[in-house]
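Chain by chain, the residues:
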Amino acid sequence: LFDPPREFLDRYELEKMPPVLLRESDADLHGQLGKVDGGGTITPEKTREVKAAYYAMIELIDVNVGRMLDALEETGQRENTIVIFMSDHGELLGDHGLVGKGARFYECLVRVPLIVSWPGHFAAGLVRDDLVELIDVAPALLEVAGVGSPEKMQGRSLVPILKGEEKAHRDFVRCEYY
């Protein structure tokens, strides 16, 4: 499932991986939902290997994002570059007895990073707990480019949030299974 370079994987000791989050009710819920989400099951023993590999992959990404930021600094382009670091979903990594992403609303799947940086334009060091979506990124980029959002675009610009001027546009999300 995850295949990081050996030099990164070797940095993680399997016995030190955090335990999985598991409730007795998880098995019943999985039985009710069946295979609607495509997520697979995993044994608790295998989760340590999966977590170590996942953490190693994250470290590899961190190293390379750092290289990119260093290059922008060294070439004087950092102040003229919007850097967006995001993910479309998290991973279960054995939590609730599942692996992959599935179509569930567990915290580990939906609380994913969205880091936006543009020195001199967006608030530096601002940490928010707002509910935003990936569809909000495009309207933000269109706004800073001076284009404006098309009328029928679903997302709403993140710029006021990134400047620390207002709260997120959403108070809740809804998930349904058919």
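Keep in mind that this is a model prediction, so the values were computed, not measured. (Residues numbered from 1 in each chain as written. Predicted model: local features only at pLDDT ≥ 70, side-chain atom pairs only at ≥ 80, totals over all residues. Heavy atoms only, no water.)

## Examining the overall build of the protein
Test applied: Secondary structure elements are defined from DSSP: runs of H or I of at least 4 residues count as helices, runs of E of at least 2 residues count as strands, and each element is numbered from the N terminus. Classification of residues uses two cut-offs on accessible area relative to the type maximum, computed with a 1.4 Å probe and protein chains only: under 20% is buried, over 50% is exposed, and between them is partly exposed. The contact definition used throughout considers only heavy atoms, calling two residues in contact when any of these lie within 4.5 Å. To be clear on the numbers: accessible area is Shrake-Rupley with a 1.4 Å probe, and residue cover counts the displayed protein chains and nothing else. Charge counting treats Lys and Arg as positive and Asp and Glu as negative, with His and both chain ends excluded. Every charge is mapped to an atom, namely NZ of Lys, CZ of Arg, CG of Asp or CD of Glu.
Tallying secondary structure elements over the protein gives six helices and four strands in all. Structurally, the protein occupies a C-alpha span of about 50 × 45 × 20 Å along its principal axes. Every one of the 178 residues in the protein was classed for burial, and the buried ones make up 29%. The long-range share in the protein, meaning contacts at least 24 apart out of those at least 6 apart in sequence, stands at 69%. For the protein, the exposed area adds up to about 12,000 Å²; of that, 54% sits on carbon and sulfur atoms. Charged side chains of the protein number 20 positive and 31 negative; the gap between the two group centres comes to 3 Å.

## Let's talk about the nonpolar core
Using the following cut-off: Among buried residues, those of type Ala, Val, Leu, Ile, Met, Phe, Trp, Tyr and Cys that are joined through side-chain atoms within 4.5 Å constitute a nonpolar core.
With 10 residues, the main nonpolar core is built from V116, W118, F122, V137, A140, L158, V159, I161, L162 and A168. Of all the elements in the fold, those that place two or more residues in this core are α5 (137-144) and α6 (159-162). Examining the composition of this core, we find that three residues originate from one element, α6, more than from any other. Not counting chain neighbours up to four residues away, the residues in contact with A140 comprise S157, L158 and V159. With seven residues, the next largest nonpolar core counts V50, A53, Y54 and V99 among its residues.

## Some remarks on unusual backbone geometry
Of note in this structure, L93 is not a glycine but carries a positive phi near 55°. Secondary-structure assignment places L93 in the loop between β2 (83-86) and β3 (98-99).

## A look at the confidence of the model for the protein
As a reminder of what qualifies: Looking at any residue, its pLDDT shows the predictor's confidence there, from 0 to 100.
Scored by pLDDT, the protein comes out at a mean of 87, with 92% of its residues at no less than 70. Element-level mean pLDDT values for the protein span from 68 in strand β1 (residues 40-41) up to 97 in helix α1 (residues 6-9).

## Things to note about helix α3 (residues 44-74)
For clarity, the cut-off: Expected span of a helix: the number of residues minus one, times 1.5 Å.
In this model α3 runs 45 Å from its N-terminal to its C-terminal C-alpha over 31 residues, within 8% of the 45 Å that 1.5 Å per residue would give. Buried-residue contacts for α3 involve α1, β2 and β3. Just downstream of α3 lies G76, where phi reads positive at about 70°.

## Some words on the pattern of salt bridges
As a reminder of what qualifies: The salt bridge criterion pairs a side-chain nitrogen of Lys or Arg with a carboxyl oxygen of Asp or Glu, the two atoms within 4 Å.
A complete count under the given rule lists 10 salt bridges for this structure. Its salt-bridge partner being R11, residue E7 comes within 4.0 Å of it at the nearest N-O pair. Each of E7, R11 and E59 takes part in one network of salt bridges that share partners.

## A closer look at the side chain of K51
Positionally, K51 belongs in helix α3. The side chain of K51 sits in the buried core without any salt bridge; D95 is the nearest counter-charge, 4.0 Å away. Sequence-distant contacts of K51, that is, excluding residues within four places in its chain, are made with M17, P18, P19, V20, L93 and D95.

## Quick word on the side chain of R78
Position of R78 relative to the elements: it lies in the loop between α3 and β2. Despite its burial, R78 pairs with no opposite charge, the nearest such side chain being E73 at 4.2 Å.

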